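Remarks on the overall topology
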Amino acid sequence: MGWKTLDDMDLNGKRVLVRVDINVPVADGKVTDDTRIQRITPTVRDILAAGGRPILLAHFGRPGGERKAELSLQQLVPALEAAFDCPVMFAADCVGAGAAAAAEALKEGEVLLLENTRFHAAETKNDADLAAGMAALGDIYCNDAFSAAHRAHASTEALARLLPACAGRLMQAELQALEAALAKPERPVTAVVGGAKVSTKLDLLSNLIEKVDHLVIGGGMANTFLLAQGHAIGSSLAEASLTDTASEILTKAKAAGCEIILPSDLVVARKFEANAPHEVLPADACPDDAMILDAGPASVTRIAEVFANSKTLIWNGPLGAFEMEPFDAATNAAALKAAELTRAGTLISVAGGGDTVAALNASGAAADFSYISTAGGAFLEWMEGKTLPGVAALEQ
Ligand code: AMP
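Reference entry: report on the structure contained in this document. Position numbers for residues start from 1 in each chain and track the written sequence from start to end. It should be noted that, the model being predicted, local features are given only for residues of pLDDT at least 70 and side-chain atom pairs only at 80 or more, the latter also being counted only at that level, while totals for whole chains, interfaces and linings use all residues. As a convention, hydrogens and water are excluded, and side-chain values are obtained from all of the structure's heavy atoms.

Details of the overall build of the protein chain
Applied cut-off: In this text, helices come from DSSP runs of H or I with a minimum length of four residues, and strands from runs of E with a minimum of two, each type numbered from the N-terminal end. To get the radius of gyration, use the C-alpha atoms; to get the globule rule, take the number of residues to the power 0.38 and multiply by 2.2 Å. Three labels apply to residues, based on accessible area from a 1.4 Å probe with only protein chains included: buried if under 20% of the type maximum, exposed if over 50%, partly exposed otherwise in between. Residue contacts follow a heavy-atom distance rule, with two residues in contact if any of their heavy atoms lie within 4.5 Å. Where accessible areas are quoted, they stem from the Shrake-Rupley method and a 1.4 Å probe; at the residue level, only the protein chains shown are allowed to cover. Charged residues are defined here as Lys and Arg on the positive side and Asp and Glu on the negative side; His and the ends of the chain fall outside this count. By convention, the charge on Lys lies at NZ, on Arg at CZ, on Asp at CG and on Glu at CD.
Helix and strand counts for the protein chain stand at 14 helices and 17 strands. Against the 2.2 N^0.38 benchmark of 21 Å for 396 residues, the protein chain shows a C-alpha radius of gyration of 23 Å, consistent with a compact globule. Its C-alpha atoms give the protein chain principal-axis dimensions of roughly 70 × 45 × 40 Å. Expressed as a percentage of the 396 residues in the protein chain, the buried residues total 55%. Within the protein chain, counting contacts between residues at least 6 apart in sequence, those at least 24 apart form 72% of the total. Element-wise, carbon and sulfur atoms account for 51% of the exposed surface of the protein chain, whose accessible area totals about 15800 Å². Computing the positive centroid from 32 side-chain charges and the negative centroid from 50, the protein chain places the two 3 Å apart.

The structure is reproduced here in structure tokens:
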């Protein structure tokens with residue numbers, strides 16, 4: 001952990017530029033899910049409590065470097081005021097004279113929100129001049145947008161190098177959870193990788209086999225591995241062109257001492273729809289006219305055993321077509337087992353990635369996981385072992 005937190009900074013009387021992710025869904029000018037706003041609230045409150053003046057920098061949607069009224073951050077002011085319980089001022093640009101005047105006029109106990117950083121094409125180019133314009137507005141930089149940290153943009157990367165920089169509370173929580181799960185985990189460590197395709201998760205699998213003791217592979221991507229092992233998979237989703245890659249991963253895992261756990265039994269159906277008639281069969285017995293939609297109960301028992309013998313679990317991707325009952329069964333049962341072990345204090349469980357959060361929420365297990373990352377792409381890149389530019393800039 002080479003980065004500072006808010007506790008390391010003297011915030012009293014300082015203007016603190018806080019990069020946040022408030023890319024929330026909006027319908028008819030109203031925020032329909034304020035989760036992202038709630039998650040940055042501790043950072044804003046802590047800065048205010050220490051006598052600092054928070055100035056929020058954020059992107060909103062993809063305006064592509066143009067001013068677009070429907071992507072103005074101004075519409076979020078009421079939701080921010082409700083969450084922070086203080087006045088939120090607004091400046092119609094994130095740099096320039098108007099923003100400077102608003103930053104200057106900001107009083108203790110108030111927050112200033114700057115307009116969408118992506119109204120400037122220079123933002124996504126990590127432009128030094130734009131970053132300097134932002135830096136002129138504050139004394140300290142605080143990055144609380146882990147979910148944007150995999151992008152080297154002016155407000156996430158270049159700016160961090162121009163001011164004393166630290167991580168906000170959400171960034172701090174994300175990084176601490178990820179370090180506990182993969183950088184310095186308590187062993188044995190198990191990873192679950194599921195989801196539709198091997199092709200989108202090749203980097204992830206390659207990194208994990210070097211780092212974890214057990215790797216559970218599930219979902220559509222397991223079908224490609226079964227195919228590589230010579231099993232018939234009927235009309236299941238699979239990438240036949242990647243069977244050699246799958247075999248290579250199996251060989252490398254063995255050499256690295258990583259045990260790969262593939263489904264030993266399958267839930268198959270003839271139709272890709274909820275409640276389609278289905279049957280449980282051994283992994284080598286998928287009929288030609290059937291498709292694999294979930295792992296079977298024997299596979300779940302084995303996964304539960306592996307979890308019970310692990311100290312750390314990191315999870316990305318569902319074990320089956322979880323949006324359709326009953327093909328959510330393996331994902332739900334495994335998630336509930338992880339939740340139970342976490343509650344009992346024997347397992348540290350960290351999960352993330354778009355569909356994973358939805359799947360774990362649907363199973364009712366999410367609340368008991370040690371940490372659920374909502375950071376999507378940044379979480380995946382971190383799991384892939386890549387350096388996140390926004391985090392590296394904090395570590396300078
Ligand atoms: P991903 O975005 O790669 O994590 O993949 C998640 C998607 O994979 C979900 O929409 C699941 O329904 C889908 N999926 C998981 N298992 C299967 C399967 N056996 N057959 C078809 N789709 C699946």
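Thoughts on the site of the ligand
Threshold: Nearness is defined per residue: one heavy atom within 4 Å of the molecule or strand is enough. Under the rule applied, a polar contact is a pair of N or O atoms within 3.5 Å (in protein, one hydrogen donor and one hydrogen acceptor; residues adjacent in sequence only if both atoms are side-chain atoms). In this analysis the probe radius is 1.4 Å and the grid spacing 1 Å, with only protein atoms considered; a cavity is a set of points the probe fits into but cannot get out of, a pocket is an open set with protein on both sides within 12 Å along at least five of seven lines, and lining residues have an atom within 4 Å of a point. Grid points define the cavity or pocket, and a molecule sits in it when more than half of its atoms lie within 2 Å of them. Side-chain classes follow a simple rule in which Ala, Val, Leu, Ile, Met, Phe, Trp, Tyr, Cys and Pro form the nonpolar group, Asp, Glu, Lys and Arg form the charged group, and the remainder, Gly included, forms the polar group.
Inspection of the region around the ligand gives 15 residues, with Ala 196, Lys 201, Gly 220, Ile 292 and Glu 323 positioned closest. Residue Ala 196 places a main-chain N or O atom 2.9 Å away from an oxygen atom belonging to the ligand. Between the ligand and Lys 201 there is a distance of 3.0 Å, counted from an oxygen atom to a side-chain nitrogen or oxygen. Starting from 510 Å² of accessible surface for the ligand in isolation, the protein chains cover 82%. If you map the ligand onto the pockets, it falls in the largest pocket. A class-by-class count of the residues in the shell around the ligand yields eight nonpolar, four polar and three charged.

Observations regarding the side chain of Gln 172
Within the element layout of this structure, Gln 172 appears in helix α6 (residues 169–183). Overall, Gln 172 belongs to the buried group, its relative accessible area being 13%. A distance of 3.1 Å separates polar atoms of two side chains, one belonging to Gln 172 and the other to Arg 169. Not counting residues within four places of it along the chain, the set of residues in contact with Gln 172 comprises Trp 3, Thr 5 and Ala 167.

Re the sheet that holds strand β14 (residues 291–295)
Sheet strands pair by backbone hydrogen bonding; their relative direction is either parallel or antiparallel. The cut-off we apply is this: Whether two strands pair comes down to DSSP finding at least two bridges between them. Fitted lines through C-alpha atoms give the axes, limited to the stretch in contact for helices. The angle between two N-to-C directions lies from 0 to 180 degrees.
Read across the open sheet, the three strands follow the order β13-β12-β14; overall the sheet is antiparallel. Every other strand in the sheet has two partners, leaving β13 (278–282) and β14 as the edge strands with one partner each. Strand-to-strand, the axes of this sheet are offset by a mean angle of 40 degrees, without reference to chain direction. Bridge analysis of strand β12 (residues 265–269) against β14 gives four bridges, and the strand direction is antiparallel. Of the residues in β14, the one forming a bridge with Ala 269 is Met 291. The sheet strands contacting helix α10 (residues 297–308) are β12, β13 and β14, and the helix crosses β12 at an angle near 140 degrees.

With respect to helix α4 (residues 128–135)
Spelled out, the test is: An arc is given here, and it is the one of the directions from the helix axis to the C-beta atoms.
Among all positions of α4, only Leu 130, Ala 131, Met 134 and Ala 135 are buried. Across the axial projection of α4, the buried residues extend over an arc of 140 degrees, all falling on one side. Those residues of α4 that are exposed and aimed more than 90 degrees away from the buried face are Ala 128 and Asp 129. Looking at the buried residues of α4, the elements they touch are β1 (15–19), β4 (53–57) and α5 (154–158). Where α4 begins, the capping side chain belongs to Asp 127, and its oxygen is found 3.0 Å from the backbone nitrogen of Asp 129.

A closer look at the layout of surface pockets
Defined as follows: Grid points are joined across faces, edges and corners, and a volume is the space filled by probe spheres set on the points.
Roughly 420 Å³ of internal volume is contained in the largest pocket. Within the residue set of the lining of the largest pocket, elements represented by two or more residues are α8 (220–228), β14 and α12 (354–363). For the lining of the largest pocket, a count of residues per class yields 10 nonpolar, 11 polar and four charged.

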